[in-house]
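For reference, the chains in residue letters:
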2 protein chains.
Amino acid sequence: MAEPAAPAPGRQRVLDAAAERLVEQGYAATTLRQLAADAGIKAGSVYHHFASKEDLFIAVFNRGIEVMVEAFDRVEAVEPLERLGAHVRAHLGALFEHGSYTAAHVTAFFTAPPEVRAEVVPQRDEYEHRWNDLLADVFPDLPADRRPLTRLLLFGSMNTTIEWFHLSGSLSLDDLAAIITSQFVDGIHASHPIRSAR
Amino acid sequence: MAEPAAPAPGRQRVLDAAAERLVEQGYAATTLRQLAADAGIKAGSVYHHFASKEDLFIAVFNRGIEVMVEAFDRVEAVEPLERLGAHVRAHLGALFEHGSYTAAHVTAFFTAPPEVRAEVVPQRDEYEHRWNDLLADVFPDLPADRRPLTRLLLFGSMNTTIEWFHLSGSLSLDDLAAIITSQFVDGIHASHPIRSAR
DNA sequence: AAGAGTCCCTAACGTCCGTTAGGTTGTCCT
DNA sequence: AGGACAACCTAACGGACGTTAGGGACTCTT
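Residues numbered from 1 in each chain as written. Chains lettered and ligands numbered in written order. Predicted model: local features only at pLDDT ≥ 70, side-chain atom pairs only at ≥ 80, totals over all residues. Heavy atoms only, no water.

A.B. asks: Quick one: what's the story with the protein's contact with DNA strand D, residue by residue and with numbers?
C.D. replies: Near DNA strand D there are 15 residues, and of these A:Arg33, A:Tyr47, B:Lys42, B:Ser45 and B:His49 occur at the shortest range. Backbone sugar and phosphate groups make up 59% of those atoms of DNA strand D lying within 4 Å of the protein. The contact in question runs from a phosphate oxygen of DNA strand D to an N or O atom on the backbone of B:Lys42, over 2.5 Å. In the model, a phosphate oxygen of DNA strand D is placed 2.8 Å from a nitrogen or oxygen of the B:Ser45 side chain. For the surface near DNA strand D, the per-class residue count stands at 3 nonpolar, 8 polar and 4 charged. (Near = heavy atom within 4 Å. Polar contact = N/O pair within 3.5 Å; in protein donor to acceptor, adjacent residues only side chain to side chain. Nonpolar A, V, L, I, M, F, W, Y, C, P; charged D, E, K, R; others polar.)

A.B. asks: Describe in detail the relation of the copies chain B and chain A, supporting the description with residues and values.
C.D. replies: For the pair chain B and chain A, the relating rotation is 180 degrees, the translation along its axis is 0.0 Å, and the fit reaches an RMSD of 0.0 Å. Here the two chains are linked by the operation of a two-fold rotation axis. The rotation axis passes nearest to the C-alpha of B:Gly187 in chain B, at a distance of 1.8 Å. Comparing interface residues between copies, 95% of those in chain B also lie at the interface in chain A; the contact surface is shared. (Least-squares fit on C-alpha atoms with pLDDT ≥ 70 in both. Contact = heavy atoms within 4.5 Å.)

A.B. asks: Please set out the packing of aromatic side chains residue by residue, giving values where relevant.
C.D. replies: Residues and elements named next belong to chain B. Applying the stated criterion across every chain, the model contains 20 aromatic pairs over all chains. Ring plane angle 75 degrees and centroid distance 5.0 Å describe the contact between phenylalanine 96 and phenylalanine 165, whose orientation is recorded as edge-to-face. Note that phenylalanine 96 is positioned in helix H5 (residues 80-96) and phenylalanine 165 in the loop between helix H8 (147-159) and helix H9 (173-186), a separation of 69 residues in sequence. Comparing phenylalanine 96 with phenylalanine 165 shows no difference in burial state: the two are buried. (Phe/Tyr/Trp six-rings, centres within 6.5 Å; stacked < 30°, edge-to-face > 60°. Helix = DSSP H or I, 4+ residues; strand = E, 2+ residues; numbered from the N terminus. Buried < 20%, exposed > 50% of the residue type's maximum accessible area, 1.4 Å probe, protein only.)

Below, the structure written as structure tokens:
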């Protein structure tokens, strides 16, 4: 009998539910019984797919990075400024347009126990490395030892948008990406002059 | 008998412990038994000082805002650019130099249940209002409806420093504040030119 | 037809949680 | 001296948690 619209296997439904709950509740407050109920199975059955709660959430966090990396690698722009803007847009896209995994990673990573975080660090490093290389390429005069700091400031602005930005609002994700990019590159100074000293 | 160095009352020790645990563990993972042990009392005794776990953490979050507001109001600079830099420095000071309350607020606010968050929103609004006014004053040409967004981007950069900055490192808090301020005002463009299109 | 493997269930385990009732001690006020 | 009150204790409650053992139903392979 042909399945209509492929009902999504249980394992995937648990992962999806975990990502969504993580965003709203964090690691500790998200219970396996909740996830099981969300996915339409019973709590004990979660252990057919995952060895433990930690194991499950490691999978969620890693998927969150995967989504970011995929979005990053999909960018094709070549002209420096355009490239940077496209990557900012891609990062925001990963946060808001490709499920809850990246959002879960960004909001809940630091609420997870150290053992879980440790398991995810290598993949994180890979994504950060991509951005360091991008900065090196776009801003050749930026000293190498300033790249991580610069990236962290940009990440700070981009990642905290999940706390206040909503796709349903009047601002589009394209607009937001453009604003963040120009703010990052030219600062507020360029378009909005500082009041002169009196 | 004169108390040597005022042994800090139990209520205060519980609050301090709560702020520190919040930074490391978030709301749900922090238990009253832990806090009591940290403060040198027993779990049941916490209820002599606070009506509930929620009540306790509302006090912690509000104190976190208080510290920020106090730091903000302590700034005396008048020249626009200098003022902005001083406020950035003050905000970072609240995060790193005046106990864990502000850090707890910034990292754990969104891990707290909605009822707790709701109780803290008014004080948050007051602090955000101060910053909106500051931006209006320093950047008179910045449209009023862009102020909140601009503030959120700056807050994003400043607040996420708690995830990676350490006072013990080679970078001082003064340095960090200066970098964030100039990055915010002039962008990366000013000091580090973009690679020209090829 | 038999066996293996997948997916899920029920029922329970030990543990820890927030919270409460009631008691003890010490200090201060009158 | 006595009462009030603050600060803490012990001991327990009901409930929820992560996890496990063992079994049922179904599909696929041989």
